[in-house]
Amino acid sequence: MPEADKEGKNYFLDQPVTTEGFFLKGSNSLDWGMKNRLSKIFNPATGRTVMLAIDHGYFQGPTTGLERIDVTIVPLMPYADTLMLTRGILRTTIPPTYTGGIVIRASGGPSILKDLSNEQIAVDMEDALRLNAAALAVQVFIGGTFETQSVHNMTRLVDMGARFGMPILAVTAVGKDMVRDARYFRLACRICAELGAQYVKTYYVEEGFETVAASCPVPLVMAGGKKIPELDALTMSYRAIQEGAAGVDMGRNIFQSDAPIAMIQAVRGVVHDNLKPKQAYELFLELRQAGEKSAKKRSAKK
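These figures come from a predicted structure and were not determined experimentally.

Cut-off values and rules
- Residues numbered from 1 in each chain as written.
- Predicted model: local features only at pLDDT ≥ 70, side-chain atom pairs only at ≥ 80, totals over all residues.
- Heavy atoms only, no water.
- Buried < 20%, exposed > 50% of the residue type's maximum accessible area, 1.4 Å probe, protein only.
- Helix = DSSP H or I, 4+ residues; strand = E, 2+ residues; numbered from the N terminus.
- Pairing = 2+ DSSP bridges.
- Core = buried A, V, L, I, M, F, W, Y, C linked by side-chain atoms within 4.5 Å.
- Contact = heavy atoms within 4.5 Å.
- Salt bridge = Lys/Arg side-chain N within 4 Å of Asp/Glu carboxyl O.
- Patch = residues over 30% accessible without salt bridge, like charges linked within 9 Å, V, L, I, M, F, W, Y side chains within 5 Å.
- Areas by Shrake-Rupley, 256 points an atom, 1.4 Å probe, with all protein chains shown as cover.
- Lys, Arg positive; Asp, Glu negative; His and termini not counted.
- Charge placed at Lys NZ, Arg CZ, Asp CG, Glu CD.
- Axes fitted to C-alpha atoms, helices over the stretch in contact; angles between N-to-C directions.
- Phe/Tyr/Trp six-rings, centres within 6.5 Å; stacked < 30°, edge-to-face > 60°.
- Lys NZ or Arg CZ within 6 Å of the ring centre and 35° of its normal.

Student: Mind showing me how you'd approach the pairing of strand β2 (residues 82-85) here?
Tutor: Looking along a regular strand, one sees side chains alternate from face to face of the sheet. Side chains Thr82 and Met84 project from β2 onto one buried face, and the interleaved Leu83 and Leu85 project onto a second face that is buried too. As paired strands, strand β1 (residues 49-53) and β2 are joined by 3 bridges and run parallel to one another. Counted as the bridge partner of Leu52 is Leu83 from β2. Sheet analysis places β2 next to strand β3 (residues 101-105), joined by 4 bridges and oriented parallel. Opposite Met84, over in β3, you have Val103 as the bridge partner.

Set out below in structure tokens:
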């Protein structure tokens, strides 16, 4: 038996015990494990996140830029706070040395050839825990044909997540025939938060986005959407952050850029360093040029 230590004497009676509030909006009452997982997604120093979305293949196969994730995406990982992906890609392609947050796509079913709103839960909570996920993502189709089913998918995951300390990301989906305006996104985001999602991913709208963020009581992450010019994507990111978003979840605007490593670093500058769009674009150009010079030197050595 080890010798017992002497009873302590320094109780710091002149220092009251402090209870720190959690840094994320609407998350202070969550359990320790859930807060810890959220801290792997959102940078505690800024309260923001750069999520790299590479889960597109779960419904549309090897889309442009994701044909070989080991070649195109793995080099981007050091610059992402979080990866959003499927468990299949995580197991087959992502090195287990990656220490950022892992958000696993947990809903699926139909392909791009069918009605995408007809999704089911596609990941078991036990497997998500086995994979050390930081959160699970579920698509919610407010206004879609299978709206109630998709909301039920989310609430089932929220219940399971509460049992195991797993945050749930609700992703607001917009059908081809739906109006993408602030009124719709206020509705969709608020429903997701009201029914228990710990954070929400939604699209940016130029008019009224600040009302979408303000009326959502949990952190809001902006979806990158379709590929647009780099300066436009950086401008959209900047506006979203300034209008209340807690981060961006970009995919195509990063991995379909002609300089993905430069682009993700420019996005980081906007999100974490408050770079203005032109400053971030100048950073992108500088990094792209440096990357091109480095590639030429490597090519010359061969």
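Student: How do you make sense of the nonpolar core when you look at a structure like this?
Tutor: Proteins that are soluble and globular tend to have nonpolar side chains buried together. If you look at the biggest cluster of nonpolar residues, it comprises 73 residues, and the most contacted ones within it are Leu52, Leu83 and Leu136. When residues no more than four places from it in sequence are discounted, the contact partners of Leu136 are Val103, Ile104, Ala106, Met125, Ala128, Leu157, Met166, Pro167, Ile168 and Leu169. Residues Phe22, Leu38, Met51 and Met84 belong to the second largest nonpolar core, which totals 16 residues.

Student: Sorry if this is basic, but what is going on with the pattern of salt bridges here?
Tutor: Oppositely charged side chains are able to pair whenever their charged atoms sit close together. All told, the structure shown has 11 salt bridges when counted by the stated rule. In this structure, Lys201 and Asp249 form a salt bridge, with 2.7 Å as the shortest nitrogen-oxygen distance. Placement of the pair is Lys201 in strand β8 (residues 199-203) and Asp249 in strand β10 (residues 247-250), with a sequence separation of 48 residues. Across the pair, exposure class does not vary: Lys201 and Asp249 are buried alike. For the salt bridge of Glu230 with Lys227, the shortest nitrogen-to-oxygen distance reads 3.7 Å.

Student: Got a minute to help me understand a positive patch on the surface in this structure?
Tutor: A cluster of basic residues, Lys293, Lys296, Lys297 and Lys301, forms a positive patch on the protein surface. Judged by its relative accessible area of 63%, Lys296 falls in the exposed class.

Student: What am I meant to see in the sheet that holds β8 here?
Tutor: Two modes of strand pairing occur in sheets, parallel and antiparallel, and in both the strands are linked by backbone hydrogen bonds. The 8 strands lie next to each other as β1-β2-β3-β6-β7-β8-β9-β10, forming a closed barrel whose pairing is parallel. Each neighbouring strand pair of the sheet contributes to a mean axis angle of 25°, computed without reference to strand direction. Sheet contacts for helix α9 (residues 230-242): β9 (220-223) and β10; angle to β10, the most-contacted strand, approximately 145°. Sheet strands touched by helix α11 (residues 260-273): β1 and β10. Its angle to β1, the strand with the most contacts, is close to 145°.

Student: Whenever I open this one, the packing of aromatic side chains confuses me. Can you help?
Tutor: To describe a pair of aromatic rings, you give the distance between the ring centres and the angle between the ring planes. Applying the stated criterion to the full structure yields 7 aromatic pairs. Relative to Phe284, the ring of Tyr281 lies with its centre 5.9 Å away and its plane at 25°, an arrangement referred to as stacked. Here Tyr281 and its partner Phe284 are both found in helix α12 (residues 277-301), 3 residues apart, which amounts to about one turn of the helix. Of the residues examined, Phe284 reaches a relative accessible area of 1% and is grouped as buried. Directly above the ring of Tyr203 sits Arg180, whose terminal nitrogen or CZ lies 4.4 Å from the centroid.

The values reported here are purely geometric and, on their own, carry no functional implication.
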